[in-house]
Amino acid sequence: MARLGDKVAIITGAGVGIGRATAKLFAQEGAKIIIAEMNTDTGEAVAEEIRGSGSGALFIATDVTDSASVEQTIAQTVKHFGRLDVLHNCAGGSIPEDAPIDTVDWDVWDHTMSLDLKGTMLCCRFAIPAMIQSGGGSIVNMSSVVALQGTSLHVYSTAKGGIISFTKSLASSYAKEGIRANAICPGIVLTDRVKGRFGDKLDELESGAGKVLSTFRMEKYPFGVGQPEDIANVALFLAADESRMVNGSYISADGGMSAY
Ligand SMILES: NC(=O)c1ccc[n+]([C@@H]2O[C@H](COP(=O)([O-])OP(=O)(O)OC[C@H]3O[C@@H](n4cnc5c(N)ncnc54)[C@H](O)[C@@H]3O)[C@@H](O)[C@H]2O)c1
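So, here's what we can say about the structure. The structure displayed is predicted, hence computed values, not measured ones.

### Notes on helix α4 (residues 106-133)
An α-helix turns once per 3.6 residues; consequently, residues spaced three or four apart project the same way. With 28 residues, α4 extends 40 Å between its outermost C-alpha atoms, agreeing within 8% with the 40 Å of an ideal straight helix rising 1.5 Å per residue. Of all bends in α4, the biggest is about 40°, found at serine 114. Backbone nitrogen of aspartate 107 and a side-chain oxygen of the N-cap are separated by 2.9 Å at the start of α4; the cap is aspartate 105.

Below is the structure:
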């Protein structure tokens, strides 16, 4: 039986990368998908690809940092598919300008906190009433390995750490409504954005053998780096009813990076 049969799932930032892989996997597992994405071209393309494979999908232009936009996306979801069961907050990411606190430009704080933390909180704020209306649901938030280690990305690490705290608060506040909330902490995942960031060091990254970033101890990372599908599989487990006893947790999906 399909693991997400009859469920309606919103995936933010699903135009590319991990969100795209997750949207396709959730659709294969029977979910109807809302691509809540800021980029119309990529968002529409993923929705079209999913519809082409015979599953239900709708692109809704969404800026997760904008309250009115998020509210409208949730309303449109319920209007179109009649319910909401899964929210996967995937939109996010670090920017190259992130740095230790004594040097970082304060604009990095505004951008990163808005996209990663406020975006996640806003989507939950408007999705939760719709989930309660649907009899419960599963929220899958996206944190990162950087929430669990000291890194030079002071702002991004703080935002992703906040997502873990927020996830635990969600879990304790809404369990009685049948809503679970968990987070994923990926290590390095080879999305196009990450490939662009590493440039000519990519071969080293793909072999997993090179020491690419001082903050990430690549030489101790024998499983190499992740692919978007590796993280999508974790999101599927957390979204599906088979994880019904998992609530307020985070799952590291970093090949063991955070264990060293
Ligand atoms: N790739 C990694 O190595 C890695 C590691 C750990 C955690 N993560 C986290 O996983 C998530 C996905 O990462 P990725 O590498 O697939 O990202 P990505 O940059 O490939 O894709 C992000 C998507 O979000 C969309 N987006 C950006 N701002 C938005 C907004 N305001 N509203 C709606 N959509 C918006 C972009 O258009 C894009 O489609 C992020 O939260 C990231 O922090 C990624």
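This is not the end of the story, as more comes after the structure.
### What to know about the layout of surface pockets
Empty space among the atoms becomes apparent when a probe as large as a water molecule is rolled across them. As a volume, the largest pocket reaches approximately 1,200 Å³. Around the largest pocket, the lining is made up of 47 residues, and of these Gly92, Gly93, Ser94, Tyr156 and Arg193 lie nearest the centre. Only α1 (17-28), β2 (32-37), α4, α5 (154-174) and α6 (192-198) provide two or more residues apiece to the lining of the largest pocket. In terms of residue count, α6 provides more of the lining of the largest pocket than any other element does, five residues in total. Its residues assigned to classes, the lining of the largest pocket shows 22 nonpolar, 18 polar and seven charged. Each pocket or cavity is described by its volume, and for the second largest pocket that value is around 220 Å³. As for the second largest pocket, its lining consists of 14 residues, and the residues nearest its centre are Gly17, Arg20, Ala21, Pro228 and Glu229. The set of elements that each furnish at least two residues to the lining of the second largest pocket consists of α1 and α8 (228-239). The residue makeup of the lining of the second largest pocket, split by class, is six nonpolar, four polar and four charged.

### Some points on the site of the ligand
Around the ligand there are 29 residues in total, and Ile18, Glu37, Tyr156, Val189 and Arg193 lie nearest to it. Isoleucine 18 is positioned such that a nitrogen or oxygen atom in its backbone is 2.8 Å from an oxygen atom of the ligand. Cysteine 90 has a polar backbone atom sitting 2.9 Å from an oxygen atom of the ligand. Summarising the interface, the protein chains cover 90% of the accessible area of the ligand, which totals 840 Å² for the free molecule. Among the residues forming the shell around the ligand, the class breakdown is 13 nonpolar, 11 polar and five charged. For the shell around the ligand, the two domains that each supply at least three residues are domain 1 (8-189 + 227-254) and domain 2 (190-225).

Rules used in this analysis
- Residues numbered from 1 in each chain as written.
- Predicted model: local features only at pLDDT ≥ 70, side-chain atom pairs only at ≥ 80, totals over all residues.
- Heavy atoms only, no water.
- Helix = DSSP H or I, 4+ residues; strand = E, 2+ residues; numbered from the N terminus.
- Expected span 1.5 Å × (residues − 1).
- Bend = angle between axes of the 7 residues up to and from the residue.
- Polar contact = N/O pair within 3.5 Å; in protein donor to acceptor, adjacent residues only side chain to side chain.
- 1 Å grid on protein atoms, 1.4 Å probe; cavity = no way out; pocket = protein on both sides within 12 Å on 5 of 7 lines; lining within 4 Å.
- Points joined across faces, edges and corners; volume = space filled by probe spheres on them.
- Nonpolar A, V, L, I, M, F, W, Y, C, P; charged D, E, K, R; others polar.
- Near = heavy atom within 4 Å.
- Areas by Shrake-Rupley, 256 points an atom, 1.4 Å probe, with all protein chains shown as cover.
- Domains from an automatic or database assignment.

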